[in-house]
Amino acid sequence: MAIGTSGRGVPAPVLVLGSVASIQSGQACGKAMLAVAGPAGVVTLRLTFAALVLLLIRRPGPPPRDSLRLVAALGAAIAGMHLIYPAMARLPVGVASTLQFLGPLTLALAKARGPVDLLWAALAGTGVILLAAPSGAATSAAGILLALASGACMAAYLVLNQRAGTLDGAPLAWAVAFAALLVLPLVLLAGGAPLRPRVLLAGLGLALLSAVIPWSLDMAALRRLPARAVAVMVSLEPAAGALAGLVLLHEHLTWRAWLAVACVSAAAAGAALGGDGRRAPSRPRGRAASAGPNRDRSFSWTGPMARPQPVEWDAKMISVGGRQGGTVAGERFGPGGFDPSVPNIARMYDYYLGGKDHYEADRLRAEEAKAADPTLITLIKENRAFMGRAVRYMAEQGIDQFLDIGTGLPTQQNVHQIAQSVNPAARVAYVDYDGQVVAHGRAILADSPGTRMVQADIRRPAEILEHPEITRLLDFEKPVALLTIATLHFIPDEDDPPGVMAELREALAPGSHMAITHASADGVPDIVAKVVEVYKRTNAPGTPRSLEQVTGLFGDFELVDPGLVWAPLWRPERPVTLEEALPIWFYAGVGRKL
């Protein structure tokens, strides 16, 4: 359903601005439809089309009984977000969009403490006062309240989505369907207008203009721009809404309204710059820290509004503003959306191990990598074998909680199977940034007690450490085994892998263990260089690191014998010579927190 576009030849900022313009033009077109179908008809058409698209694409099974309340709450929030349309029946598009924008912005600034954060909050408050205070122009109090209620529902949706964990698409699809059912009776208020062919076609066009096209442009831009840059440009949405209303609907705003739009846009841009520029502090052990813009990146301005999740693009269909909350996934090294024509490292790894979840592009690139290193399959299997030995060792030390970051597609003998063979009560949380991996993993783990699979980005440790699914499963007051197996070499230097690992280590209790494998060119540099060149043409280029650099990732953790060595040499089950191990160019080690 998505429009496949790579955006090649078009500057990335133009793509983002085109997305913003498309969303707000869709808003204006939606307002134009109000005269024909009425607010009830427009809302019903938009949600019905969204539900149909999601259900057709996802084809979800029935939602689990224990998720029905969540589905209903999400559906109610989604339906409430569409109060923006009756608001636009009473207010100019720019004013309504600005007021709605305050919902997520307030959520981002809710627990701000610094003076700069308070400045952005004051700017946003100034915008509200300018829009709400009486002026010479006619202002609808009901319209203002409806737009603010729409923004509040958008904020509620973001909170519910975060509490639910990263949705795999099925609960979301049913939530949108529930929202459509909630508003369906309203179509009676619109008479038969929404059922006329021309109105139905206009409703489909509204969904395309305000959801599918912007998503496609976002995906192309996010492959080439950092999140903060996108967030700053997205903050122009209130102004874009005002311009769309002016150009398409000839809505002339007062100088006070334009000033209010500028205040809210500036506040959003400032929150984006501040939220992305500060590393979230480490999560204290024990109960999850309260969420806030400086504690949980998924609630920062670069979280709820700046970027859609890579595969969960369908959530854009439900957001009137066109943007969705949740975790932030691969910007330079993650998938910019599901595209089987782009070689994907998780699917390539599955191919190496003899799995079936891969496409032609993955197989072709994997074969190139195998040609670059004829021993690559042996390396992959040795990496997997180390993981098994390390998990068994850590479980035998009495650790019964495991956090596996960068899981990849599930295969034979996963972490929970190995850990639970030692201790049946062991609990395992799997984390991956790839939406396809997460959806597939959840399906496989559905009948595996003591496991969870969540979508989050290792580059933002707070998202993982404060994720509600993880904090419900793991107790960070007690020792945890952290695994980053063949993960960290996919984090480029500019994303500060040592800083990421320091934040993860700090959150772990004494007695915790950490297992790492990492690519290195120390042993066979020519072969590694060839493989790196192949991986540059995938969704995740790699960065090999030296023994000293990989050792630094353990920080103050004490390496257990035999230290950091080539993977086959770590506590092998049979004697292994250095000559045998040298072609396996992954360092491997286990550290313990004293």
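Since the model is a prediction, treat every value here as computed from it, not as a measurement. (Residues numbered from 1 in each chain as written. Predicted model: local features only at pLDDT ≥ 70, side-chain atom pairs only at ≥ 80, totals over all residues. Heavy atoms only, no water.)

**Some points on the overall build of the protein**
The helix and strand inventory of the protein stands at 22 helices and eight strands. Counting only carbon and sulfur atoms, one obtains 62% of the accessible surface of the protein, whose full area is about 22700 Å². (Helix = DSSP H or I, 4+ residues; strand = E, 2+ residues; numbered from the N terminus. Areas by Shrake-Rupley, 256 points an atom, 1.4 Å probe, with all protein chains shown as cover.)

**As for the nonpolar core**
Ranked by size, the top nonpolar core spans 87 residues in total, and within it Phe402, Leu403 and Trp585 carry the most contacts. The biggest single contributor to this core is helix α14 (residues 376–396), with 10 residues. Those residues within four positions of Phe402 in sequence are excluded, and the remaining contacts are Val391, Met394, Ala395, Val415, Ala419, Ala426, Arg427, Val428, Ala429, Leu474, Ala481 and Leu483. Of all hydrophobic cores here, the second largest spans 45 residues; its members include Leu74, Ile78, Ala79 and Leu160. (Core = buried A, V, L, I, M, F, W, Y, C linked by side-chain atoms within 4.5 Å. Buried < 20%, exposed > 50% of the residue type's maximum accessible area, 1.4 Å probe, protein only. Contact = heavy atoms within 4.5 Å.)

**A closer look at the packing of aromatic side chains**
According to the stated counting rule, one finds five aromatic pairs in the structure shown. Measuring from ring centre to ring centre gives 5.9 Å for Tyr393 and Trp570, while their planes differ by 80°; the resulting arrangement is edge-to-face. Note that Tyr393 is positioned in helix α14 and Trp570 in the loop between β7 (565–566) and α22 (578–581), a separation of 177 residues in sequence. For the pair Tyr393 and Trp570, a shared accessibility class is recorded, and that class is buried. The interplanar angle of 35° and the centroid separation of 6.2 Å between the aromatic rings of Phe490 and Tyr535 together place this pair among those described as tilted. Taken as a pair, Phe490 in the loop between β4 (481–485) and α19 (497–506) and Tyr535 in helix α20 (residues 525–535) lie far apart in primary sequence, 45 residues in all. Above the ring of Trp570, the side-chain terminus of Arg571 is found at 5.3 Å from the ring centroid. (Phe/Tyr/Trp six-rings, centres within 6.5 Å; stacked < 30°, edge-to-face > 60°. Lys NZ or Arg CZ within 6 Å of the ring centre and 35° of its normal.)

**Brief notes about unusual backbone geometry**
In the segment running from Asp561 into Pro562, the intervening peptide bond is cis, with an omega of 10°. Even without glycine at this site, Ala486 takes up a positive phi of about 55°. Assignment of secondary structure puts Ala486 in the loop between β4 and α19. Look at Ala486 and you get buried, because its relative accessible area is 15%. Backbone geometry at Asp496 places phi at a positive 60°, although glycine is not the residue there. The topology assignment puts Asp496 in the loop between β4 and α19.

**A closer look at the pattern of salt bridges**
Within this structure, the stated rule accounts for 13 salt bridges. Note that Lys536 and Glu533 form a salt bridge whose closest N and O atoms lie 2.8 Å from each other. Judged by its relative accessible area of 41%, Glu533 falls in the partly exposed class. One salt bridge in this structure joins Arg574 and Glu580, with 3.6 Å as the shortest N-O distance. We classify Arg574 as partly exposed; its relative accessible area is 47%. You can call Glu580 partly exposed: its relative accessible area is 40%. Three or more residues joined by partner-sharing salt bridges are found here, namely Asp457, Arg459, Arg460 and Asp495. (Salt bridge = Lys/Arg side-chain N within 4 Å of Asp/Glu carboxyl O.)

**Structural notes on α14**
Here α14 is 21 residues long and its end C-alpha atoms lie 30 Å apart, about the 30 Å a rise of 1.5 Å per residue gives. A positive phi of about 100° marks Gly398, the residue just after α14. (Expected span 1.5 Å × (residues − 1).)

**Digging into the packing of α14 against helix α15 (residues 415–422)**
Pairs of packed helices are described in terms of their axes, by the angle between the two and the distance that separates them. The interhelical angle for the contact between α14 and α15, taken along N-to-C directions, is 35°, at an axis separation of 9 Å. Taken as a pair, α14 and α15 cross one another with a handedness that is right-handed. Of α15, the residues touching α14 (which contributes Met387, Gly388, Val391, Arg392, Ala395 and Glu396) are Val415, Ile418, Ala419, Ser421 and Val422. For the contact of α14 with α15, the residue count by class is seven nonpolar, two polar and two charged. (Axes fitted to C-alpha atoms, helices over the stretch in contact; angles between N-to-C directions. Left-handed = near helix turned anticlockwise from the far one by under 90°. Nonpolar A, V, L, I, M, F, W, Y, C, P; charged D, E, K, R; others polar.)

**Here's the deal with the side chain of Thr451**
Inspection of the secondary structure assignment puts Thr451 in strand β3 (residues 451–455). A relative accessible area of 6% means that Thr451 is categorised as buried. Among the polar contacts listed, one links the side chain of Thr451 to the backbone oxygen of Ser448, at a separation of 2.7 Å. Once residues within four sequence positions are removed from consideration, Thr451 is found in contact with His416, Gln420, Val428, Leu445 and Leu473. (Polar contact = N/O pair within 3.5 Å; in protein donor to acceptor, adjacent residues only side chain to side chain.)

**Some remarks on the packing of helix α13 (residues 360–372) against α20**
Between α13 and α20, whose axes approach to 8 Å, the crossing angle comes to 170°. By the criterion of interaxial angle, the relationship of α13 to α20 is roughly antiparallel. On α20, the residues touching Arg365, Glu368, Ala369 and Ala372 of α13 are Ile527, Lys530, Val531, Val534 and Tyr535. Taken together, the residues of the contact of α13 with α20 sort by class into six nonpolar, no polar and three charged. (Parallel < 35°, antiparallel > 145°, perpendicular 65-115°, else oblique.)

**Brief notes about the pairing of β3**
Counting buried positions along β3 yields four of five residues, so the element is predominantly enclosed. Pairing of strand β2 (residues 427–432) with β3, which is carried by five bridges, proceeds in the parallel orientation. From the neighbouring strand, Tyr430 faces β3, where its bridge partner is Met453. Handedness of the β2-helix α16 (residues 435–445)-β3 crossover: right-handed. (Pairing = 2+ DSSP bridges. Right-handed = clockwise from strand over helix to strand, strands pointing away.)

**Notes on the pairing of strand β8 (residues 586–592)**
Within β8, six of the seven residues are buried, which leaves it mostly tucked inside the rest of the structure. Strand direction decides the pairing type here: strand β5 (residues 513–519) and β8, joined by seven bridges, are antiparallel. Bridging across to β8, Ala519 finds its partner in Phe586. Where β7 lies against β8, two bridges are found, and the strand directions are antiparallel. Looking at β8, one finds that Trp566 is bridged to Tyr587.

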